[in-house]
Amino acid sequence: MGELVRKRVRVEGIVQGVGFRPFVYSLATGLGLAGHVGNDVHGVFVEVEGPASDIRRFLDRLREQAPPLAVVARISVADVAAVAETGFRVVDSDSTGSRAALVSSDSATCADCLGEITDPDDRRSAYPFTNCTNCGPRFTIVRDVPYDRPNTTMAGFALCSRCEAEYRDPVNRRFHAQPVCCPDCGPQLRLTDSGGVALRGEPLAEAVASLARGEVLAVKGLGGYHLAVDATNSDAAATLRKRKHREDKPFAVMVASVEQARSLCAIDDAEQAALTSRRRPIVLLDRLPGAPVAPSVAPGNHRLGLMLPYTPLHHLLLRRFPRPIVLTSGNVSDEPIAYLDDDALARLGGIADAFLTHDRPIHIRTDDSVVRVVGGRTMPIRRSRGHVPEPVTLPWPFPQPVLACGAELKNTFAVAKDEHVFVSHHIGDLENYETLRSFTGGIEHFRRLFDVEPRVVAHDLHPEYLSTKYAAELDGTELIGVQHHHAHIASCLADNGESGPVLGVAFDGTGYGSDGSIWGGEFLVAGLTGFRRQGHLEPVPLPGGTTAIKQPWRTAVAYLAESGNLSPDLDVLQRNANWAEVAALSRWDRHAPPTSSAGRLFDAVAAILGVRDLINYEGQAAIELEQLADTAEAGEYPVSISGGPVLRVRGADLVRSVVADLRAATPLPVIAARFHNGLAAAVVDVCGRLRDSTGIGTVALSGGVFQNVLLLQRVTMLLDRNGFRTLLHSQVPSNDGGISLGQAAVAGALCRARR
């Protein structure tokens, strides 16, 4: 045996609540090493003693063989004096000091736990709250750090002797699994009516019977309540839609297995990997013809948002119910998801016929995440459960702690310190008291959880955003306003760990421009510390202001006037008799503010083609226009680009060509495709001109319009052909859900530049 050496090891990253201490214990004892391991506010601390060769093996395996939910960000090692210790111990957690430990996201039920709940001889057979260190609730039950049971919502459930033995056994996969429980000591399922009165019978069996009768069932999940119905029952889906006041926006569907998913949608390997990942997001997939799903589940939509079960309760429910179920957020449209039991009964009692609930409290509400796979790459549309609060790690540290307040729509906020940006769960649109309360409460929770006392607060420039007003009311902080589209591009840069400069293409619906006008079709030369507006779509009037956003035909009138095609024989004008009044309104900036919005251009074309005159949810017209397009069509409409040094892209040229083809009886799918192709070609044309003038050959694409996969694919293909390097999103959405990351990255860069 060689000379004894002793090492002090610090492991940082997502290493609490993921079985890291039992992993270290097993690794050390397997190598015959002595020492100890424990949790503290920074992560995991280890002291290990033994022969130098065994210590080296221990350190090599520490990162290479980490538990499945662990994310090891940094391992630091220091020499300490050997003490000839015997044995290896797990020591008590240390909660003193400034908090730096990372918190794991909630994770889908692992194979071992699924095997237990489906084994009739296991003591956890059919138990809907089964979990271990490799799966189960994390973020949604954490009240504080370090991540120990007293700091979670499981604190009120005293462990029985058998669970206690598992919890204390270092070789058991439930060793220090904080939510560990069983039927004897853990949360219990119950079924109530819409008034909260307990119903007779076994809760799960009666819940299945409720679904089979076509009723609406409220189900308490990891991060809040969902509303469920039989997805094959047209009447049930229509009833849910009516009660929830959700006219057209598609519902998510949960299926029992990948095989059942394949009976509904076309699924490639990358999409299957997203569906089955531990994060279990909703994955947007192409619907198969004749898929047995009620039309009212996703009216007029060629895609379905599918997800697999991610809790034992979901697995047990779908094992007894043979068909796919709608599983949509438990709220009335535009409200945040309900997560407190009394609030859920009050808000959902008029929607749900029955409540399948339980007594494990949820500490923080969290919606399901939504992704789409494009070219084998998973791109987030809503980043929430399964991802949050895992940080986006940047190559540069923040000199001062930062709070980024995000945007008004699809809001997320972010707190940042050291090299980490903790982007929040999806908050939603800040347009009512409940959502605003979720926003402010979430910020307080994140500040406490990650011990962030912000010195700098970043916000949007729009003075009427509630997030901007919140920032202005904070005392003792430096405020940094970040232009909306600069934040989009900065978000894409941070998502890729880069600082620029790049050619940034930011296409979205609306954003407050630095000149006070409404931007949305922007070409920027941008880095993290600043930007120059080098091009944009030529502004057109927005008749009625925000009214035109909900009534795309109004924007169509403005574009038809700009293109010289305001002719009464067009169907869009015949459908909307007061078009002449709207056209007259367009001449007054006070009632028709000019906008360069790319989103509004899509709205106009959608209305002209008869796709949609009015929308019931954000982006509906553009989504349906994309789905209309014939992806095999290679033709494109020409677009003129003028001006300098700031280029102007004439979107009205596209509208003129759309009208000409419409009059020539060209099939609508061909027209829609040529519009997409023409806009994509114009984007690359502008980027080519800017590369010539700036020498910059990297393009960052951001903004909600780039969730249009057809446009995104056309643009990236043309950029690649023309020798550009393209940056896309992969960690946060390209829509306003990624704005807070961009704001934080800008604020951090400006603080570094001042040092």
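Whatever comes next refers back to the structure up there.
All figures in this text were calculated on a predicted structure; none of them were measured in a lab. (Residues numbered from 1 in each chain as written. Predicted model: local features only at pLDDT ≥ 70, side-chain atom pairs only at ≥ 80, totals over all residues. Heavy atoms only, no water.)

(A) Fine view of the sheet that holds strand S20 (residues 478-482). Pairing is mixed in the open sheet, where four strands are placed in the order S18-S17-S19-S20. Looking at which strands have only one partner, the edges of the open sheet turn out to be strand S18 (414-423) and S20. Taking each pair of neighbouring strands and ignoring which way they run, the sheet shows an average axis angle of 60°. In this structure, strand S19 (residues 456-460) lies alongside S20, joined through five bridges in parallel fashion. Bridging from a neighbouring strand, Asp460 pairs with Val482 of S20. Relative to strand S17 (residues 392-404), helix H23 (residues 739-754) is tilted by about 90°, and along the sheet it contacts S17, S18, S19 and S20. (Pairing = 2+ DSSP bridges. Helix = DSSP H or I, 4+ residues; strand = E, 2+ residues; numbered from the N terminus. Axes fitted to C-alpha atoms, helices over the stretch in contact; angles between N-to-C directions. Contact = heavy atoms within 4.5 Å.)

(B) View of the packing of aromatic side chains. Within this structure, the stated rule accounts for 14 aromatic pairs. Between Phe413 and Phe446 the ring centres are 5.1 Å apart and the planes differ by 85°, which places this aromatic pair in the edge-to-face class. Taken together, the positions of Phe413 in the loop between S17 and S18 and Phe446 in helix H11 (residues 433-449) put the pair 33 residues apart, joining distant regions of the chain. Ring geometry for Phe439 and Tyr470: centres 5.2 Å apart, planes at 80°, overall edge-to-face. (Phe/Tyr/Trp six-rings, centres within 6.5 Å; stacked < 30°, edge-to-face > 60°.)

(C) Here's a closer look at the sheet that holds strand S2 (residues 34-40). Strand order in the open sheet formed by five strands is S4-S1-S3-S2-S5, with mixed pairing between adjacent strands. Bordering the open sheet on either side are strand S4 (71-80) and strand S5 (88-90), each of which pairs with just one other strand. Averaged over all pairs of adjacent strands, the angle between their axes in this sheet comes to 15°, without regard to strand direction. Note that S2 and strand S3 (residues 43-51) share seven bridges and pair antiparallel. Residue Val37 lies in a different strand from S3, and its bridge partner there is Val46.

(D) Representation of the packing of helix H15 (residues 552-562) against helix H18 (residues 598-608) within the structure. It is the contact of H15 with H18, at a shortest axis distance of 7 Å, that shows an interaxial angle of 95°. In terms of their interaxial angle, H15 and H18 are classed as roughly perpendicular. Side by side, H15 and H18 meet where Pro552, Trp553, Thr555, Ala556, Tyr559 and Leu560 of the first sit next to Arg600, Leu601, Asp603, Ala604, Ala607 and Ile608 of the second. Residue composition of the contact of H15 with H18, grouped by class: nine nonpolar, one polar and two charged. (Parallel < 35°, antiparallel > 145°, perpendicular 65-115°, else oblique. Nonpolar A, V, L, I, M, F, W, Y, C, P; charged D, E, K, R; others polar.)

(E) Representation of the environment of Leu628. Summarising the element assignment, Leu628 is placed in helix H19 (residues 620-628). A C-alpha to C-alpha distance of 9.5 Å links Leu628 and Ala606, two positions 22 residues apart in sequence. Not counting residues within four places of it along the chain, the set of residues in contact with Leu628 comprises Leu609, Val611, Leu668, Pro669 and Ala672.

(F) Main features of the pattern of salt bridges. Under the defined criterion, the tally for this structure stands at 51 salt bridges. Residue Glu498 is joined to Arg725 by a salt bridge in which the shortest nitrogen-to-oxygen separation is 2.1 Å. Of the two residues, Glu498 is situated in the loop between helix H13 (484-495) and strand S21 (502-512) and Arg725 in strand S29 (residues 725-727); the sequence distance between them amounts to 227 residues. Judged by its relative accessible area of 18%, Glu498 is buried. With a closest N to O distance of 3.3 Å, Arg650 and Asp653 form a salt bridge. A residue is classified by how much of its surface remains accessible, and Asp653, at 10% relative accessible area, is buried. Several salt bridges converge on common partners, so that one network encompasses Arg6, Arg8, Glu47, Glu49, Glu85 and Arg89. (Salt bridge = Lys/Arg side-chain N within 4 Å of Asp/Glu carboxyl O. Buried < 20%, exposed > 50% of the residue type's maximum accessible area, 1.4 Å probe, protein only.)

(G) A look at the packing of H15 against helix H20 (residues 651-663). The interhelical angle for the contact between H15 and H20, taken along N-to-C directions, is 95°, at an axis separation of 8 Å. Considered as vectors, H15 and H20 are oriented roughly perpendicular to each other. Side by side, H15 and H20 meet where Tyr559, Leu560 and Glu562 of the first sit next to Gly651, Ala652, Val655 and Val659 of the second. In the contact of H15 with H20, the residues fall into five nonpolar, one polar and one charged.

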